[in-house]
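# Topology and contacts: notes
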Amino acid sequence: MSPTFCLSAQEIRERFLSHFEALGHVRVPSSSLIPTNDPTLLFTNAGMVQFKDVFTGKEEPSYRRATSVQKCIRISGKHNDLEKVGYTARHHTFFEMLGNFSFGDYFKREAIEWAWAFVTGVLGVDPEQIVVTVFGGGEGLPPDEEAEGIWKKVVGIPDDRVFRLGVADNFWSMGDTGPCGPCTEIHCWIGNGPPVLSRFGEEPEADGQGWVEIWNLVFMQFERLSDGRLTPLPRPCVDTGAGLERLAALSQGVVSNYDTDLLRPLVDVASRLAKKPYCGSLAPDDVSMRVIADHARAAAFLISEGIFPDKEGRSHVLRRIIRRAVRHGHRLGIGEPFLHLVAEEVVRIMGAAYPQLIERAPLIAEMTCQEEERFRATLERGLELIANNQEWIERDGRRVLPGKIAFKLYDTFGFPIDLQEVIGREQGFVVDREGYENELLRAKEKSAGSKIGDRAIEDVYHLVAKEVGESTFIGYDTDRSEDEVVALIKEGAMVQALHAGEEGELVVHRTPFYPEGGGQVGDRGRIYSKEGTLVVFDTKRIPNGIIIHRGKVKEGKITMGARVCLEVDADHRQAVRRSHSATHLLHWALRHVLGPTAMQKGSLVAPDRVRFDYAAPRAPSSEELLRIETLVNQKIWLNAPVQTEILPIQEAKARGAIALFEEKYGEVVRMLRITDDSIELCGGTHAKSTGEVGLFKVVSEGGIAAGVRRIEALTGRAALEHIQAMEKELTGIGLLLKVKPEEVKERIERLFAQLKEQERSLAKLQERLAKGKEQDFRALVQERDGYKVLGAVVGLGEAKALRDLADRLRDELGPSVVLLGTRTTDGRALLACSVSKELTSRFVASDLVRQAAALLGGGGGGRPDFAQAGANQAERLEEAVALVYALTK
């Protein structure tokens, strides 16, 4: 059975948002896949993540109702669907979550009625295809009879279509503490034929047919305390989530998400590249095509958000996803890089809903292709290592790959453990997971620890935020202001005063001090009152909106409630402004020279220097780097005005403004324009005109991670001082070479040419010397029955030359035994014996050289056909060498 209407995924997105907008909800754009308000999460995994601070009371929004379509990734922790991807009809790494939210506004009745109206009215689902679940009680809580009553009495669902489930299924918690409450779920029958109520509660069949949850409505009505007790929330909230992929399958009358317009085009690309039909079965080829489709979506979105394949954290997750997809492509027999082609289809399908995909399409293509080529270079080697591995374990009649071997494959060759298990299923072995985990744990203990996530927010900052609220930066147009001290913090605790010599943090409501952000360092300066002075050495904005001034009391004391003057270090601020404007010019110049895939990845804006990290598939040539530097300086010489505007973010983007990967922007943004070439969103402080930058000088460029490079540059006075220092060095070199500075390069080139010529002359001289020596050796050669013997002392004085000459003489003499000796510059003796291979059954080089060396009080050894020796007594060298004639009779 299928709904009355067949809607595309884009139509479902729009109808969902419009449905709730008409009910007074504010349409909120999807937040980033990288959570900014929860350091415990690797990725945004639900629609409510961007509203978490609202639900917990840390943030007060301007609206009480919201609706969104949130992009999500579940591939870590308890929300890890990676192993199931491709093997089921509905598991994904990347998916879209539709949701509506109430922040202390409406509650259960409205949420249920509006969800029912959307499913049956907007989607056109037959009520006979629907069952619902409610919380049936548990852990001391009664059943949610309120929700059950609404479904039965208000909506009119029959009793036999409402099921009570326990805590595991129908009670939601944000964590060990915090908001929690019962939930109710909407399930629909997907498949052929009429719904079968008796099958509710069973997993869908292998082909995906059965009862499928499409929407979860969470009612946050309790606060879970640290002792486990639940207390009622003063303002209950609603958080709902409906999977777009599942709604699309339901609306489009297909059993599998992979047959919807969101995923089937991607599967078809994989099918075409593999030159194999897609049948939608559980056959290995079909599984591989579904894996490729799913992973291409996740890879495209992660790269569009500035995540690039690497060894740690989110970057490692991306690498793992790409390499799993490549492995499945390899399984299908796709011999050339292909994932970028599937990612291009992702951009085509989803670019209208997520414009960042279109903006960064070239980068997505280049990064996926680059990582695939890198992995393909090692894939065959890894398969070969598994095939040639001799360290197998037999366990319960099965072959087991030891944990240490599995970890080596991961650590050295980049083979994720799940990929090894896929190969194992294909080749008939299992991986020792426990052994692998133990090896991984030992490696982690040796490392510096995880770099995932930001530092947890200190409890004291939460307390300050509740008491005084957010701080406001007012320093775009002023370096000085007055305000009242509203918080003082010392060693993680609020205090009433900071005294002379003490370090701490000071908070006011309004400050001219710019807090570190967007790569720009925080302002320095001083804050003083009638009682004392605090020297500020850094300024930061804590995630909950507080601006803290970190410093040390130079004299007197600073007290709570005191009226203070805040004075920014003007010279430091002006130098930072110059560097920040130079950073924007550098970003423009990079993109102008290297193309649109050169995107800013991070930066440090300091008073004297710029550190600029950017995504790029290749290194710029020295000529390109010089051109980039020249372009920046040309903009500086224009002395063009640096203009800022405050405007809605969509209007800014429509004007061509670039938004950086990892920055969080609101609905109203600050747009910076430096001529018509450089237009970016930026909240930092800047020069009034480009001429203030003075000078820009690149001092280094290099790679720092896969696909990420770094430019270090100096600005203003620091750039001039660098050039002057380089000139001083160049002048000094010129004095040594007795030429003018501008002639140094030519003089060094001549010296190198002379050196190479001398090396060639020396080599020819040594060759002539060796040949001359060889001619003298002819008289020393003794003919034997079918072979020749030569013993001679030569004046080479060096072991390698002696070895080479012995081998060359042996080759020229034919079947022969050659023993040569030489004296080193420090008076030692060296021997080298070379024997033709056909004579080694009669004369062994190591025996001959050992006996000759014994006359000199030394020893040696080697192979049957070549050996060497050394001794400290060189007086009897001629006698030792002549011994070869007696030993070879």
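Every chain is numbered on its own, with residues counted from 1 as its sequence reads. Whole-chain, interface and lining totals are the exception, using all residues; otherwise, since this is a predicted model, local features are given only for residues with pLDDT of at least 70 and side-chain atom pairs are given and counted only at 80 or more. Side-chain metrics rest on all non-hydrogen atoms present in the structure, leaving aside hydrogens and water.

## With respect to helix H23 (residues 845-854)
- Those residues of H23 not exposed but buried are Ala 845, Ser 846, Leu 848, Val 849, Ala 852 and Ala 853. Buried positions in H23, seen along its axis, are confined to an arc of 160° and lie on one side of it.
- Contacts were defined at the residue level, with two residues in contact if any of their heavy atoms lie within 4.5 Å. A run of H or I in DSSP becomes a helix once it reaches four residues, and a run of E becomes a strand once it reaches two; helices and strands are each numbered from the N terminus. Close packing links the buried residues of H23 with strand S35 (816-823), strand S36 (829-835), strand S37 (859-862), strand S38 (866-871) and helix H24 (877-887). Buried residues are those whose accessible area, probed at 1.4 Å on protein chains only, stays under 20% of the maximum for their type, while exposed residues exceed 50% and partly exposed ones sit between those limits. The arc refers to the directions leading from the helix axis to the C-beta atoms.

## Notes on the nonpolar core
- As used in this record, nonpolar core signifies buried Ala, Val, Leu, Ile, Met, Phe, Trp, Tyr and Cys residues forming a set joined through side-chain atoms within 4.5 Å. Counting 118 residues, the largest nonpolar core has Trp 151, Ile 186 and Trp 215 as its most contacted members.
- The leading source of residues in this core is helix H8 (residues 284-304), at 12 residues.
- Those residues in contact with Trp 151 that sit more than four places away from it in its chain are Ile 112, Trp 116, Val 132, Val 134, Gly 156, Ile 157, Val 162, Thr 184 and Ile 186.
- With 40 residues, the next largest nonpolar core counts Leu 790, Val 835, Ala 871 and Ala 880 among its residues.

## So, the sheet that holds S36
- Two strands qualify as a pair provided DSSP detects at least 2 bridges between them. Strand order across the open sheet formed by six strands is S33-S34-S35-S36-S38-S37, with mixed pairing between neighbours. Two strands lie at the open edges of the sheet, namely strand S33 (782-783) and S37, each paired on one side alone.
- When S33 meets strand S34 (residues 788-794), the two strands line up antiparallel, connected through two bridges. Bridged to Gln 782 within S34 is Val 789.

## Overview of unusual backbone geometry
- Positive phi is not limited to glycine here, since Glu 491 has a value of about 50°.
- One can find Glu 491 in the loop between strand S17 (487-490) and strand S18 (493-494).
- On the basis of relative accessibility, which here comes to 78%, the residue Glu 491 falls in the exposed class.
- The backbone of Lys 738 shows a phi angle near 60°, a positive value even though the residue is not glycine.
- Mapped onto the fold, Lys 738 is located in the loop between helix H20 (716-737) and helix H21 (744-777).
- Residue class for Lys 738 comes out exposed when judged on its relative accessible area of 77%.

## What about the packing of aromatic side chains?
- Working definition: rings of Phe, Tyr and Trp (its six-membered ring) pair if their centres are within 6.5 Å, and the pair is stacked with planes under 30 degrees apart, edge-to-face with planes over 60 apart, and tilted otherwise. Applying the stated rule across the entire model yields 27 aromatic pairs.
- Centre to centre, the rings of Phe 51 and Phe 101 are 4.7 Å apart; their planes meet at 50°, and the pair counts as tilted. Pair noted here: Phe 51 is in the loop between strand S1 (26-27) and helix H2 (52-55) and Phe 101 is in strand S5 (residues 94-102), with a separation of 50 residues, a long-range link. Pair check on accessibility: Phe 51 and Phe 101 agree, each one buried.
- Pairing Phe 51 with Phe 103 gives two aromatic rings, centres 5.4 Å apart and planes at 50°, and the pair type is tilted.

## A short note on the packing of H8 against helix H12 (residues 361-388)
- Look at H8 against H12: their axes get within 9 Å of each other, and the N-to-C directions meet at 120°. Relative to H12, the crossing made by H8 is right-handed. In this structure, H8 contributes Ala 299, Ala 300, Ile 303 and Ser 304 to the contact, and H12 contributes Leu 363, Ile 364, Met 367 and Thr 368. Fitted lines through C-alpha atoms serve as axes, helices being fitted only where they are in contact, and the angles separating the N-to-C directions of these axes extend from 0 to 180 degrees. Should the near helix be turned anticlockwise from the far one by less than a right angle, the crossing is left-handed, and should it be turned clockwise, the crossing is right-handed.

## Details of a nonpolar patch on the surface
- Taken together, the side chains of Ile 733, Ile 748, Phe 752 and Leu 755 define a hydrophobic patch exposed on the protein surface, amounting to about 330 Å² of accessible area.
- Broken down by element, the nonpolar patch gets its largest block of residues, three residues, from H21.
- On the secondary structure map, Leu 755 appears in helix H21.
- Overall, Leu 755 belongs to the partly exposed group, its relative accessible area being 40%. Exposure above 30% relative accessible area and no salt bridge define the residues that can form patches, which grow by joining like charges within 9 Å and nonpolar side chains of Val, Leu, Ile, Met, Phe, Trp and Tyr within 5 Å. Surface accessibility in these figures is a Shrake-Rupley result with a 1.4 Å probe; residues are shielded only by whichever protein chains are displayed. Here, a salt bridge means any side-chain nitrogen of Lys or Arg that lies within 4 Å of a carboxyl oxygen of Asp or Glu.

## Remarks on the sheet that holds strand S12 (residues 393-395)
- Strand order in the open sheet made by the three strands is S12-S13-S14, with mixed pairing throughout. Edge strands, defined here as strands with exactly one partner in the open sheet, are S12 and strand S14 (430-431).
- Taken together, the three bridges between S12 and strand S13 (residues 398-401) define a ladder with antiparallel strand orientation. Bridge pairing in S13 links Glu 394 to Arg 399.

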